[in-house]
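As a plain string of letters, each chain reads:
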Amino acid sequence: MATDWLGSVVSINCGLTLGVYQGQVSSVDHASQTISLRQPYHNGVRCPVPEVTFSAMDIKELKFLDIQNTVDKPSSVQGAASEPSSVPSGRQGQSNKITHPHVTSSSSHSSTAPITILRRAPTAPANIRGATQATPKKNSVRNGGAAGPMRPKDDECFGDGTEEDLDTDFDFEGNLALFDKAAVFSQIDGTNSHSNRAQHHSTPGEQKPVSYRHDENILEGKPVIYRQIAVPQHVGKEYCTDSGLVVPSVSYELHKRILAAAERWGLSLERRLETIGVCSSQMALTLLGGPNRLNPKNVHQRPTVVLLCGPHIQGAQGISCGRHLANHEVEVILFLPNFLKMQESVTSEVNLYSRTSSKQVANVKDLPTGPVDLVINCLDCHENRLLREQSWYKLAADWANQNRAPVLSIDPSVSEQHQMVEAKWTLFLGLPLPLPKAESRVYLCDIGIPKLVFQEVGIRYHSPFGCKFVIPLHSA
């Protein structure tokens, strides 16, 4: 009875693990419950062996694609299983109409070949019998007719490259073992065996690091001296820069002597005002957002800055800052009270500021009622502490404290009394003054005083600014 199915083309589904096999039935063994296929196809790809044997336990489903009775010639059977059909997998139900074994008597037989199935990942092979591969003879019979004109093209496109060993998995662990990570990392760290041997023969004093980090210098430099500024009189307050340099504070009397010595050597008040205006305006532009805020695409969102200035040198410094801000398309509003007589430096700065077409007011009521982007405080005077008692000063200080904008104070007077205007940033000139407690963030401005001028007043000075003109200071 088993011989009746020899030569039939069948499709055996062995589940997800083994996949689907197709081929001609070559033998059926009832005793061992096995079935063998010759010229097998695995998942639509020709197997590299001529015959495959399956156990009944592995078979999930068996379909007959073409039933061949014993009367048919073997050559016809071979022609029926010569090549897989190109029927799409979506039409598998139409091609596999015969799902139960039965015998048909017909003079002509259907040459339906195994269906094409998408290739899967390599899986565990079935029980394969046969050590050598036998290349089956190509038959040109297709659909029961003669050789078609498209057969050579199909063979040229799909006939090569199917004899490869597709059932061999890639050995990831074996290839990973070929990569010696310890040796590679030792070379990166400069601690490989060759370097260790070279360092072993050298004396401890001659040993040098093989590699350097990105923040290390190849050439060894002198030890860094962080206290490079020494003042004749310590006032109890010290600051440090981002690089760790110590910057001591000085009293106002010593600060005034420094400015007087610089003026004798040519650093006039006008030049000093211009330098302070440039540096403080640059800091203000950074606080306003820099290029993210000030660009041609944001002309509808111009920042607004209010300057609170008094009729003294500190007020003139603020007016100079406002002039530079106005030149950078910042909307500036200058508050300066009316006085019958003001210093010449203030008058000249006001005249120059008026050419910017920016707004100037003398009454606090004319200041904006809503919040602005920045308030610059230049109300204090080092020489005259009684200005705090005047009404215009108190009104301006109250307006600044009630406005929600941050405040930048330029060169404020320092005393034991609490600052009338609560500032978020404080900018000192040359050397800082001892600001009580930590009321605001301290910055230092380089106003161009030479080293020998500091030496003239008894200060050993080395510039802490580096590549900048305004640097932040931190409490030491």
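A brief report on the enclosed structure follows.

What counts and how
- Residues numbered from 1 in each chain as written.
- Predicted model: local features only at pLDDT ≥ 70, side-chain atom pairs only at ≥ 80, totals over all residues.
- Heavy atoms only, no water.
- Helix = DSSP H or I, 4+ residues; strand = E, 2+ residues; numbered from the N terminus.
- Contact = heavy atoms within 4.5 Å.
- Buried < 20%, exposed > 50% of the residue type's maximum accessible area, 1.4 Å probe, protein only.
- Right-handed = clockwise from strand over helix to strand, strands pointing away.
- Pairing = 2+ DSSP bridges.
- Axes fitted to C-alpha atoms, helices over the stretch in contact; angles between N-to-C directions.
- Phe/Tyr/Trp six-rings, centres within 6.5 Å; stacked < 30°, edge-to-face > 60°.

Position of Arg 388 relative to the elements: it lies in the loop between β13 (374-378) and α12 (391-402). Apart from residues no more than four positions distant in its own chain, Arg 388 is found in contact with Asp 380, Tyr 393, Lys 394, Ser 413, Ser 415, Gln 417, His 418, Gln 419 and Met 420.

It is worth spelling out the pairing of strand β11 (residues 331-335) at this point. The buried fraction of β11 amounts to four of the five residues, a majority that puts the element mostly inside the structure. Taking the sense of rotation as the criterion, the β-α-β connection linking strand β10 (residues 304-309), helix α10 (residues 313-327) and β11 turns out right-handed. Across three bridges, the pairing between β11 and strand β12 (residues 359-361) is parallel. Across the sheet, the residue bridging to Phe 335 is Val 361, located in β12. Tracing the backbone out of β11, into helix α11 (residues 344-354) and back to the parallel element β12 gives a crossover that is right-handed.

Let's shift gears to the sheet that holds β13. The mixed open sheet is built from ten strands, whose spatial order is β9-β8-β17-β16-β15-β14-β13-β10-β11-β12. Strands at the two margins of the open sheet, each flanked by one partner only, are β9 (246-248) and β12. Across the sheet, the axes of successive neighbouring strands diverge by a mean angle of 30°, strand direction being ignored. As paired elements, β10 and β13 share five bridges and run parallel to each other. In the sheet register, Val 306 faces β13, and the bridge partner there is Val 375. Sheet strands in contact with α12 are β10, β11, β13 and β14 (407-410), and its direction is about 150° off that of β10.

This next bit is on the packing of aromatic side chains. Within the structure shown, the criterion is met by four aromatic pairs. Taken together, a centroid distance of 4.9 Å and an interplanar angle of 65° make the contact between Tyr 21 and Phe 54 edge-to-face. Of this pair, Tyr 21 sits in strand β2 (residues 20-29) while Phe 54 is found in strand β5 (residues 51-55), placing the two residues 33 residues apart along the sequence. For the pair shown, Tyr 21 and Phe 54 are each scored as buried. Taking the centre distance of 5.9 Å and the plane angle of 70° together, the rings of Trp 392 and Tyr 393 count as edge-to-face. One exposure class covers both Trp 392 and Tyr 393, and it is buried. Through successive ring pairs, a cluster of aromatic residues spans Phe 339, Trp 392 and Tyr 393.

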